[in-house]
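Structural features, examined
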Amino acid sequence: MSLPTLSHGEFELVYNMLSLAIAAMFGSFVFFVIARNQLTHKYRPALIMSSLVVGIAGYHYWRIFNSWEAAYTLADGVYKPSGTPFNDAYRYVDWLLTVPLLVAELVAVLALTREVRGPMMAKLTVAAVLMIATGYPGEISSDTTTRGIWGFVSTIPFAYILYVLWVQLSKATADAAPRVQKLLGDTKLLLLATWGFYPIAYLMPQLGVEAGSATVALQVGYSIADILAKCGYGFMIYAIAQAKMEAEGVSVSNEAAAEATA
């Protein structure tokens with residue numbers, strides 16, 4: 001897909017948003033690694049997954065940032081394509097790895113029984129991979145019909161994931177403490193708000209948005225959505241784990257003491 005000519009402000013907006021995403025991802029990674037020790041063993045896997053998500057995303061945003069910088073050159077006061085392709089496929093490689101982890105960490109932090117957790121995590125992971133894999137052919141196509149077809153196919157596993165997160169997980173956690181229920185509800189709303197942006201951005205060419213504006217809106221929108229859906233989501237997972245520990249009356253120090261006397 002050919003790149004449009006951008007104004008100085010348009011190029012810099014994307015440039016700075018990509019830089020912000022890199023800082024947010026790596027900053028969150030440091031926090032999640034350190035905060036893992038503040039959770040009991042039962043909840044640490046969820047925060048380890050959060051660390052993996054933002055670490056993987058931070059690396060790919062660094063690659064996207066470098067590719068964006070190389071794809072444009074300043075000439076006559078505007079930024080024109082340099083001839084070096086902009087590799088936005090890094091996003092799909094990132095999502096292929098991080099989206100399954102995102103859904104898996106929510107299941108992990110709830111510490112469901114193995115009978116419930118195993119099948120649910122397997123189904124969500126398969127659906128997440130199918131969603132990303134079927135969305136990519138449309139993303140790289142310049143034909144709006146082809147893009148629309150693949151977008152529709154990708155929406156099917158997307159809708160299934162939302163169904164599981166909203167309905168099945170709500171049933172599985174019906175007896176959770178009120179604060180846990182509140183945080184879980186806020187987390188699902190965060191996912192809906194951030195994930196809901198992706199299909200809107202995906203359909204911008206069909207909506208007749210001008211090429212330059214669509215490119216800028218896509219890159220800025222994806223960056224904001226990723227920061228919220230990865231960093232913000234990870235902080236919500238941490239808060240849920242803390243709330244569940246409080247409801248269970250356990251702490252890291254108590255767990256360590258019990259292990260020492262065992």
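Small disclaimer: the values here were computed from a predicted structure and weren't measured.

Details of the packing of helix 3 (residues 89-109) against helix 4 (residues 114-139)
Where helix 3 meets helix 4, the axes come as close as 9 Å, and the angle between the chain directions of the two elements is 160°. Classified by the interaxial angle, the pair formed by helix 3 and helix 4 is roughly antiparallel. Note on packing geometry: the crossing formed by helix 3 with helix 4 is right-handed. Along its contact with helix 3, which presents A89, Y92, W95, L96, V99, P100, V103, A104, V107 and A108, the element helix 4 presents R117, M120, M121, L124, T125, A128, V129, M131, I132, G135, Y136 and E139. Residues of the contact of helix 3 with helix 4, tallied by class, amount to 18 nonpolar, two polar and two charged.

A word on the packing of aromatic side chains
Tallying each qualifying case throughout the model produces 15 aromatic pairs. Centre to centre, the rings of F31 and Y238 are 5.5 Å apart; their planes meet at 85°, and the pair counts as edge-to-face. With F31 in helix 1 (residues 8-35) and Y238 in helix 8 (residues 211-248), this pair connects stretches of sequence that are 207 residues apart. Given the relative accessible area of 31%, F31 is considered partly exposed.

Description of a nonpolar patch on the surface
A cluster of nonpolar side chains, F26, F29, V30, V33 and I34, forms an exposed patch at the surface whose accessible area comes to about 420 Å². Counting through the fold element by element, F29 comes out in helix 1. Exposure remark for F29: the relative accessible area of 34% places this residue in the partly exposed category.

Quick look at the packing of helix 1 against helix 2 (residues 44-71)
For the pair helix 1 and helix 2, the least separation of the axes is 8 Å and the interaxial angle reads 155°. With respect to their mutual orientation, helix 1 and helix 2 come out roughly antiparallel. Where helix 1 crosses over helix 2, the handedness of that crossing is left-handed.

A few points about the sheet that holds strand 2 (residues 72-75)
Pairing between the strands of a sheet comes from backbone hydrogen bonds, and it takes one of two forms, parallel or antiparallel. Taken together, the three strands give an open sheet; going across it, the order is 1-3-2, and neighbouring strands pair in antiparallel fashion. Strands at the two margins of the open sheet, each flanked by one partner only, are strand 1 (6-7) and strand 2. Bridging between strand 2 and strand 3 (residues 78-81) involves four bridges; their strand directions are antiparallel. From the neighbouring strand, L74 faces strand 3, where its bridge partner is Y79. On top of the sheet, helix 2 reaches strand 1, strand 2 and strand 3; it is set at about 40° to strand 2, its chief contact.

Let's talk about unusual backbone geometry
Even without a glycine there, the phi angle at D76 is positive, about 55°. With relative accessibility at 73%, the residue D76 sits in the exposed group.

Section: the nonpolar core
With 74 residues, the main nonpolar core has W68, L106, V109, L124, I161 and W195 as its most contacted residues. Of all the secondary-structure elements, those providing two or more residues to this core are helix 1, helix 2, helix 3, helix 4, helix 5 (144-172), helix 6 (178-195), helix 7 (197-202) and helix 8. In contact with L124, other than residues within four places in its own chain, are V103, V107, I161, V164 and L165.

Quick look at helix 6
Spanning 18 residues, helix 6 covers 25 Å between terminal C-alpha atoms, matching the ideal 26 Å at 1.5 Å per step. Those residues of helix 6 that fall on the buried side of the exposure criterion are V180, L183, L184, T187, K188, L191, T194 and W195. Projected down its long axis, helix 6 shows its buried positions confined to an angular sector of 140°, all on one face. Pointing more than 90 degrees away from the buried face of helix 6 are the exposed residues P178, R179, K182 and A193.

About the thresholds
- Residues numbered from 1 in each chain as written.
- Predicted model: local features only at pLDDT ≥ 70, side-chain atom pairs only at ≥ 80, totals over all residues.
- Heavy atoms only, no water.
- Axes fitted to C-alpha atoms, helices over the stretch in contact; angles between N-to-C directions.
- Helix = DSSP H or I, 4+ residues; strand = E, 2+ residues; numbered from the N terminus.
- Parallel < 35°, antiparallel > 145°, perpendicular 65-115°, else oblique.
- Left-handed = near helix turned anticlockwise from the far one by under 90°.
- Contact = heavy atoms within 4.5 Å.
- Nonpolar A, V, L, I, M, F, W, Y, C, P; charged D, E, K, R; others polar.
- Phe/Tyr/Trp six-rings, centres within 6.5 Å; stacked < 30°, edge-to-face > 60°.
- Buried < 20%, exposed > 50% of the residue type's maximum accessible area, 1.4 Å probe, protein only.
- Patch = residues over 30% accessible without salt bridge, like charges linked within 9 Å, V, L, I, M, F, W, Y side chains within 5 Å.
- Areas by Shrake-Rupley, 256 points an atom, 1.4 Å probe, with all protein chains shown as cover.
- Salt bridge = Lys/Arg side-chain N within 4 Å of Asp/Glu carboxyl O.
- Pairing = 2+ DSSP bridges.
- Core = buried A, V, L, I, M, F, W, Y, C linked by side-chain atoms within 4.5 Å.
- Expected span 1.5 Å × (residues − 1).
- Arc of directions from axis to C-beta.

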